[in-house]
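One-letter residues, chain by chain:
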Amino acid sequence: MSPAREIIPQVRVLIADDSTVMRTALVRMLESSPIIRVCGTARNGAEAVEKTKLLQPDVVTMDVRMPVLDGIQVLKQIMRESPRPVVMVSSFTLDGAQITLEALEAGAFDYLPKEDLSREAAALQLRYELVEKIEAAARSPLALGKQPFKSSFFANLESDISNCHVVPKVLVLGTSTGGPKALQDILCQLPGDLPVGILVVQHMPCGFTAAFADRLDGLCKLSVHSPLDTTHKPSMDVTMLSVAAVFREYSLGIILTGIGANGLEGMTAIRDAGGITIGQNEATCAVYGMPRACADRGVLQKIVALDQIPGQVLSALKHRPSQ
């Protein structure tokens, strides 16, 4: 279910890419939207920084690899000097995936893998996803000038959710836009002695899944790996799981779901099966889309800020870290 679109003014976009072909293609794709206008283009990193200051675009699309200054350097400078949503555009390669994940950690709003524009279906898919992400970025707190919400990590640890008679045996985290950074924030705060297995469902290209799992494995106290099996061509339902990252393996049982999140149907099924459902609040969402849909349908038992979710998980599990 797609969230209802809010009425927003025209979105001004700066495109930064060293490829003339790609710049031209991106301009054509973006201007197919009635609310998006390309206010400028940049051929290298230094030009991207200069034009961001000069043109003050609402959103920037940024190639990961560019001459003079690369995409990561430009992103950090933009976020430091004139913060605004930046959508990274990168290749499907492992190297491109690793750099993209660094960009998300440095403050990028989202990312978009480059497609083979010679294939019509791929070009149409890229246009659809590009317009969707730009429009979402224009509705984000950063674009609207809102300050990030801050709260105390353990502020709600002893909450009503700890009174639930169910003690989950599995934690499921489902995320959408803003998911990779949100997952890192949550998982890095969970203890290594967590007594349950964790399943994460995050839609991303196959080439990005392994790099994402490896990155989290190096940052978290939990052991992280990707279950992607390239020798098996799964059905659509299994594909959603095959791009997930699975964290630690214990016996499966009752499901606890975390960020609140990738699908309304999944959240409803978990609640109806006796699980505990927690959703992220509007103030801390990059885009309040699926969490809003879940909240509006009444399938969430708890709605909290992003940095309170780890405490809610520990409370639901009735677990106190050993350290």
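Residues numbered from 1 in each chain as written. Predicted model: local features only at pLDDT ≥ 70, side-chain atom pairs only at ≥ 80, totals over all residues. Heavy atoms only, no water.

> Looking at this structure, I do not really get the packing of helix 1 (residues 20-30) against helix 5 (residues 120-138). What am I missing?
The relative placement of two packed helices is expressed as an angle between their axes plus a distance between the axes. Where helix 1 contacts helix 5, the axes come no closer than 9 Å and their chain directions differ by 65 degrees. Relative to helix 5, the crossing made by helix 1 is right-handed. The segment helix 1 lies against helix 5, with Leu26, Met29 and Leu30 engaging Ala123, Leu126, Arg127, Leu130, Val131 and Ile134. Among the residues making up the contact of helix 1 with helix 5, the classes are represented as eight nonpolar, no polar and one charged. (Axes fitted to C-alpha atoms, helices over the stretch in contact; angles between N-to-C directions. Helix = DSSP H or I, 4+ residues; strand = E, 2+ residues; numbered from the N terminus. Left-handed = near helix turned anticlockwise from the far one by under 90°. Contact = heavy atoms within 4.5 Å. Nonpolar A, V, L, I, M, F, W, Y, C, P; charged D, E, K, R; others polar.)

> Mind showing me how you'd approach the sheet that holds strand 4 (residues 86-90) here?
Strand pairing within a sheet occurs via backbone hydrogen bonds; the two strands may be parallel or antiparallel. An order of 2-1-3-4-5 is seen for the five strands of this open sheet, with the pairing classed as parallel. Looking at which strands have only one partner, the edges of the open sheet turn out to be strand 2 (36-42) and strand 5 (110-113). Each neighbouring strand pair of the sheet contributes to a mean axis angle of 25 degrees, computed without reference to strand direction. Relative to strand 5, helix 5 is tilted by about 170 degrees, and along the sheet it contacts strand 1 (11-16), strand 2, strand 3 (59-63), strand 4 and strand 5. (Pairing = 2+ DSSP bridges.)

> Help me understand the packing of helix 2 (residues 45-55) against helix 3 (residues 71-81), please; the structure alone is not making it clear to me.
One can describe the packing of helix 2 onto helix 3 by two numbers: an axis separation of 10 Å at closest approach and a directional angle of 20 degrees. What the angle tells us is that helix 2 and helix 3 run roughly parallel. Relative to helix 3, the crossing made by helix 2 is right-handed. Contact with helix 2, carried on its side by Gly45, Ala48, Val49, Thr52 and Lys53, involves Val74, Gln77, Ile78 and Glu81 of helix 3 and no other residues of that element. Across the contact of helix 2 with helix 3, the residue classes tally to four nonpolar, three polar and two charged. (Parallel < 35°, antiparallel > 145°, perpendicular 65-115°, else oblique.)

> Can you help me understand empty space enclosed by the protein in this one?
Rolled over the atoms, a probe sized like a water molecule indicates the empty space that remains. Taken as a whole and assessed by the stated rule, the structure comprises two cavities of 30 Å³ or more. In terms of lining residues, the largest cavity is bounded by Leu101, Leu104, Glu105, Pro180, Lys181, Gln184, Phe212 and Arg215. Within the residue set of the lining of the largest cavity, elements represented by two or more residues are helix 4 (94-105), helix 6 (179-187) and helix 7 (206-219). Its residues assigned to classes, the lining of the largest cavity comprises four nonpolar, one polar and three charged. (1 Å grid on protein atoms, 1.4 Å probe; cavity = no way out; pocket = protein on both sides within 12 Å on 5 of 7 lines; lining within 4 Å. Points joined across faces, edges and corners; volume = space filled by probe spheres on them.)

> Would you mind showing me how to read the nonpolar core here?
Proteins that are soluble and globular tend to have nonpolar side chains buried together. Judged by nonpolar contacts, the single largest core of 51 residues is most densely connected at Met62, Met88, Leu173, Leu187, Leu190, Leu194 and Ile198. Once residues within four sequence positions are removed from consideration, methionine 88 is found in contact with Met62, Asp63, Val64, Gly71, Leu75, Ala103, Ala108, Asp110, Tyr111 and Leu112. In this structure, Leu26, Leu112, Leu130 and Val287 belong to the second largest nonpolar core, which totals 22 residues. (Core = buried A, V, L, I, M, F, W, Y, C linked by side-chain atoms within 4.5 Å. Buried < 20%, exposed > 50% of the residue type's maximum accessible area, 1.4 Å probe, protein only.)

> Can you help me understand the side chain of arginine 23 in this one?
Topologically, arginine 23 is positioned in helix 1. The side chain of arginine 23 is buried and forms no salt bridge, while aspartate 17, the nearest opposite charge, is found at 5.7 Å. Polar contacts involving the side chain of arginine 23 include one to the main-chain carbonyl oxygen of aspartate 17, which spans 2.8 Å. With sequence-adjacent residues up to four places away left out, arginine 23 is seen in contact with Ile15, Asp17, Asp18, Thr41, Ala42 and Arg43. (Lys, Arg positive; Asp, Glu negative; His and termini not counted. Salt bridge = Lys/Arg side-chain N within 4 Å of Asp/Glu carboxyl O. Polar contact = N/O pair within 3.5 Å; in protein donor to acceptor, adjacent residues only side chain to side chain.)

> Can you help me understand the pattern of salt bridges in this one?
Two side chains of opposite charge can pair, provided their charged atoms sit close to one another. The full count for this structure, using the stated rule, is nine salt bridges. For lysine 114, the salt bridge goes to aspartate 17, with nearest N and O atoms at 3.6 Å. Here the residue lysine 114 occupies a position in the loop between strand 5 and helix 5, and aspartate 17 occupies one in the loop between strand 1 and helix 1, the gap between them amounting to 97 residues. Judged by its relative accessible area of 23%, lysine 114 is partly exposed. Between aspartate 110 and lysine 133 there is a salt bridge, with its nearest N and O atoms 3.2 Å apart. Taken together, the residues aspartate 110 in strand 5 and lysine 133 in helix 5 connect sequence positions 23 residues apart. Residues participating in the shared-partner salt-bridge network are Asp17, Asp63 and Lys114.

> Would you explain helix 11 (residues 309-317) in this entry?
For the α-helix, the turn length of 3.6 residues means that residues three or four positions removed from each other point alike. Extensive coverage of helix 11 is indicated by the burial of nine of its nine residues. Among the residues making up helix 11, those that are buried are Ile309, Pro310, Gly311, Gln312, Val313, Leu314, Ser315, Ala316 and Leu317.

> What is the right way to look at the confidence of the model for the protein chain in this model?
A low pLDDT means the predicted coordinates there should not be read in detail. Averaged over all residues, the pLDDT of the protein chain is 77; the fraction at 70 or higher stands at 76%. Below pLDDT 50 for its whole length, residues 147-159 participates in 27 contacts with residues either more than four positions away or in separate chains. When the criterion is pLDDT under 50, residues 229-262 qualifies, and its contacts beyond four places in sequence or with other chains add up to 114 contacts. (pLDDT = per-residue confidence, 0-100.)

> What is the right way to read the environment of glutamate 282 from this model?
Relative to the elements of secondary structure, glutamate 282 occurs in the loop between strand 11 (276-280) and helix 10 (290-296). Sequence spacing of glutamate 282 and leucine 306 is 24 residues, and the spatial spacing of their C-alpha atoms is 9.5 Å. Setting aside its immediate chain neighbours within four residues, glutamate 282 contacts Tyr288 and Arg292.

> Which parts of the structure should I look at to understand the environment of proline 34?
For proline 34, the position within the fold is in the loop between helix 1 and strand 2. Along the chain, proline 34 and valine 11 lie 23 residues apart, while their C-alpha atoms are 9.5 Å from each other.

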